[in-house]
Amino acid sequence: MAIEIGIHARLQEDMPAEHGSIPVWNAENWYYEDFEVGDKIRSLRRTISEGEAMQFNMMVMDLHPYVADQHFAEKEGVFGKRLVAGAQVFSYGLGLAATNCVNSFSYGYDRLRFIKPVFIGDTIYTIRENLSKEPKYDDMGLVKVSYSVFKEEGVQVLYCEHLMTVKYKDGQPEKSSQSRQAGVS
């Protein structure tokens, strides 16, 4: 059974009934048992502008000449133009396909790779895939999902795996683990 984004949402009781009965977009109520290995979602596309690239650089104090100095990037840089900071590509790429599942908690990230450069003005999108799940604790299992970020016409620019602890529906773990081999294109 594939879980639909935005369908299995926790309903709000602290507002007017006609509003509280409407599912909250991107606030899924999935449990460990609801994650199916192999399920994928694809995000909308998003173009990264020069203004937001510089705003991100200033917020995180990343003033490396490849991301903050147009003159250097064009005259001395390897790529001949400014890059978008890798941390920004990571943040945007995950944000594009992240869900706000109220029963899951970030456990960490593995296999983060910056595969190709992203430049100001590039358009990115993300494909998220459920890779594996296994019982972990008495009340939560471990789910691993991959994020593959692409630009333009399918050029992969980033790959990572996100580990999440997710609450069991009935407080009991499943007996077997499931997994799918992930790969970087």
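In this report, the structure presented in the accompanying data block is examined. (Residues numbered from 1 in each chain as written. Predicted model: local features only at pLDDT ≥ 70, side-chain atom pairs only at ≥ 80, totals over all residues. Heavy atoms only, no water.)

1. Structural notes on the nonpolar core
Val89, Val118, Val143 and Leu158 are the most contacted members of the largest nonpolar core, which totals 23 residues. Aside from chain neighbours lying at most four places away, what touches Leu158 is Val89, Phe90, Leu112, Arg113, Phe114, Ile115, Tyr147, Ser148 and Val149. Tyr66, Val67, Phe72 and Leu83 belong to the second-largest nonpolar core, a separate cluster that totals 7 residues. (Core = buried A, V, L, I, M, F, W, Y, C linked by side-chain atoms within 4.5 Å. Buried < 20%, exposed > 50% of the residue type's maximum accessible area, 1.4 Å probe, protein only. Contact = heavy atoms within 4.5 Å.)

2. Digging into unusual backbone geometry
Backbone geometry places Arg111, a non-glycine residue, at a positive phi of 55 degrees. Inspection of the secondary structure puts Arg111 in strand S3 (residues 104–114). Even without a glycine there, the phi angle at Glu152 is positive, about 50 degrees. (Helix = DSSP H or I, 4+ residues; strand = E, 2+ residues; numbered from the N terminus.)

3. Some words on the pairing of strand S5 (residues 140–151)
Counting buried positions along S5 yields 11 of 12 residues, so the element is predominantly enclosed. As judged from the 11 bridges shared by strand S4 (residues 123–135) and S5, these two strands associate in the antiparallel manner. Within S5, the position partnered with Ile124 by the bridge is Lys151. Here S4 folds back onto S5 in antiparallel fashion, the turn holding 4 residues. (Pairing = 2+ DSSP bridges.)

4. Notes on the pairing of S4
Of all 13 residues making up S4, 10 are buried, and the element is well covered by its neighbours. Inspection of the sheet shows strand S1 (residues 40–42) paired to S4 by 3 bridges, in the antiparallel sense. Bridge assignment links Lys40 to a residue of S4, and that residue is Glu129.

5. Details of helix H2 (residues 50–60)
Looking at H2, one finds that the buried residues are Glu52, Ala53, Phe56 and Asn57. In a view along the axis of H2, the buried residues occupy a sector of 145 degrees, so they form one face of it. Close packing links the buried residues of H2 with strand S2 (46–47), helix H3 (65–68) and helix H5 (86–97). Residue Met61 follows H2 closely and has a positive phi angle near 60 degrees. (Arc of directions from axis to C-beta.)

6. Description of the packing of aromatic side chains
Evaluated as defined, the whole model comprises 7 aromatic pairs. Centre to centre, the rings of Trp30 and Phe35 are 5.5 Å apart; their planes meet at 90 degrees, and the pair counts as edge-to-face. Comparing Trp30 with Phe35 shows no difference in burial state: the two are buried. Where Tyr32 meets Tyr168, the ring centres are 5.2 Å apart and the plane angle is 85 degrees; that geometry is what we call edge-to-face. Here Tyr168 lies in the loop between strand S6 (155–167) and strand S7 (178–179) and Tyr32 lies in the loop between helix H1 (17–20) and S1, a separation of 136 residues in the sequence. A relative accessible area of 3% means that Tyr168 is categorised as buried. (Phe/Tyr/Trp six-rings, centres within 6.5 Å; stacked < 30°, edge-to-face > 60°.)

7. Side note on the side chain of Thr126
By secondary structure assignment, the location of Thr126 is in strand S4. Thr126 sits in the buried class, given a relative accessible area of 0%. Polar side-chain contacts of Thr126 include one of 2.7 Å to the backbone oxygen of Gly93. (Polar contact = N/O pair within 3.5 Å; in protein donor to acceptor, adjacent residues only side chain to side chain.)

8. So, the pattern of salt bridges
What the rule picks out here adds up to 6 salt bridges. Residue Glu52 is joined to Arg46 by a salt bridge in which the shortest nitrogen-to-oxygen separation is 2.7 Å. By relative accessible area, which is 15% here, Glu52 ends up buried. Note that Arg111 and Glu161 form a salt bridge whose closest N and O atoms lie 3.1 Å from each other. Residue Arg111 is found in strand S3, and its partner Glu161 is found in strand S6; the two are separated by 50 residues along the sequence. Taken together, the shared-partner salt bridges in this structure form one network comprising Arg111, Lys144 and Glu161. (Salt bridge = Lys/Arg side-chain N within 4 Å of Asp/Glu carboxyl O.)

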